[in-house]
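# Examining the three-dimensional arrangement
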Amino acid sequence: MGAVWNAVLKLYGEYGASRSGLTLINYDAEKGVAIIRTFHTTVETIQAALASITKIRDKPAAIHVLTISGTIRTLRKKMKQ
Amino acid sequence: MKKTYADLHLRPNLKDPEQVARMIRKASELGYRLIAISLPSNFPEEKIQQLRNICNEAKVDFASRVDLRPQTSKGLINSLRKLRRRFEIISVMCESKRVARQAAKDRRVDLLNFPSTSFRRRFFDKAEAELASKSLASFEIDMKPLLILEGPTRIRLLSSLRREVAIAQAFHIPIAISSGATSELLMRKPRELAALTSLFDLDKTSAVEAVSRNPVAITKRNREKLGSNFVAPGIRIIRKGKDC
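These numbers come from a predicted model, not from an experiment. (Residues numbered from 1 in each chain as written. Chains lettered and ligands numbered in written order. Predicted model: local features only at pLDDT ≥ 70, side-chain atom pairs only at ≥ 80, totals over all residues. Heavy atoms only, no water.)

With respect to the element layout, B:E128 can be found in helix α5 (residues 126-133). Discounting chain neighbours no more than four positions away, the residues touching B:E128 are B:A100, B:R101, B:A104, B:L112, B:F114 and B:F123. (Helix = DSSP H or I, 4+ residues; strand = E, 2+ residues; numbered from the N terminus. Contact = heavy atoms within 4.5 Å.)

With that settled, the discussion passes to α5(B). Residue and element names in this part refer to chain B. E128, A129 and A132 are the residues of α5 that are buried. Down the axis, α5 shows its buried residues gathered within 95 degrees of arc, on one side only. Looking at the packing, one finds that the buried side of α5 touches α4 (97-105), β5 (111-113) and α7 (151-170). (Buried < 20%, exposed > 50% of the residue type's maximum accessible area, 1.4 Å probe, protein only. Arc of directions from axis to C-beta.)

All names here are of chain A. The computed volume of the largest pocket comes to approximately 1,000 Å³. Looking at the largest pocket, it is lined by 34 residues, and the ones nearest its centre are A34, I35, I36, L50 and I63. Secondary structure elements with two or more residues in the lining of the largest pocket: α1 (2-18), β1 (23-28), β2 (33-37), α2 (43-51) and α3 (72-80). It is β2 that contributes the most residues to the lining of the largest pocket, five residues altogether. Among the residues making up the lining of the largest pocket, the classes are represented as 22 nonpolar, ten polar and two charged. (1 Å grid on protein atoms, 1.4 Å probe; cavity = no way out; pocket = protein on both sides within 12 Å on 5 of 7 lines; lining within 4 Å. Points joined across faces, edges and corners; volume = space filled by probe spheres on them. Nonpolar A, V, L, I, M, F, W, Y, C, P; charged D, E, K, R; others polar.)

Before going further, it helps to examine unusual backbone geometry. Its identity is not glycine, yet A:D58 carries a phi of approximately 65 degrees, on the positive side. Within the element layout of this structure, A:D58 appears in the loop between β3 (55-56) and β4 (59-60). Owing to a relative accessible area of 70%, A:D58 belongs among the exposed residues under this scheme. The residue B:D201 is not glycine, and still its phi comes out positive at about 65 degrees. Mapped onto the elements, B:D201 comes out in the loop between α8 (190-196) and α9 (204-211). Residue classification places B:D201 among the exposed residues on the basis of a relative accessible area of 54%.

Let us now look at the interface of chain B and chain A. Residue-level contacts link 18 residues of chain B with 17 residues of chain A. Of the roughly 1,400 Å² buried between chain B and chain A, counting both surfaces, carbon and sulfur atoms make up 57%. When the area that chain B buries against chain A is broken down by residue, the three leading residues are B:L185, B:R188 and B:E192, summing to 31%. If you look at where chain B meets chain A, you find one salt bridge. Between chain B and chain A we count six residue pairs in polar contact (both at pLDDT 80 or more) in total. At the level of secondary structure, the elements contributing two or more residues to the side of chain B that touches chain A comprise α1 (17-30) and α8 of chain B. (Buried area = accessible area lost by both parts, 1.4 Å probe. Salt bridge = Lys/Arg side-chain N within 4 Å of Asp/Glu carboxyl O. Polar contact = N/O pair within 3.5 Å; in protein donor to acceptor, adjacent residues only side chain to side chain.)

Nothing here speaks to function; it is geometry throughout.
As structure tokens, this is what we get:
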């Protein structure tokens, strides 16, 4: 999550980050899949921040958005599909 | 209707066939249905066919592309004369004002690209846009520099892109967003590239078009032109023989 916060802070600053409502809901280290919550008004902002991540703990990495949903229940359903 | 997403600027190391294949497969996984790989001008036809075969296996359409970096406008004209019928997409990296102006007005140029870190050599101004609006050239933005640059250099790049995108939109010049990726880790999904464009104030609809409709239109137009039935824009042979 540190990498995500850093990316948001780098691109939008503390003011922008404070408006995002960014929260980590769940992280499955085995699958490398995380569920992140953000306000619907800042989805694109967070998507851009995630796409801008090229390193995590100094190791080359990339984060891709698998799916976006309005509720966590629908999100889990979508991910099962 | 489902959108066809395209990344017209993949730059794998062509000496490493494994990496090329990995990047093609990755593009397919990320949702692209059309990709173009930047090739040297003397790249043999057999190798282009090999790339096509790999793309077919990965269920991605392949377009051949050459990046020209001419020093003079005369050099650009000569290269275009030699290469236009060999490659489906021609991009010009405009490193001088004269080359930029010539590229903008030449109908054989598909994409105008500018150096990402030499801000004084980004010649996409209103004069350039006016010339480009009368030809067929699109304004190409590679996202790789946005990902790898940091601090003041990225800030300056964003500032330049914001200005240039506004000019391109004012003159109705199509914008093509490409990854410019040299490795799989620098490749992003089409919607992620579209999200990144919000950093330089490109609206969502235009951003999605820049990764789908615009690059697909360039490829389609050029394939028609390179086809044996093409005569002139709007004129093509539909039937041959005695009964015509």
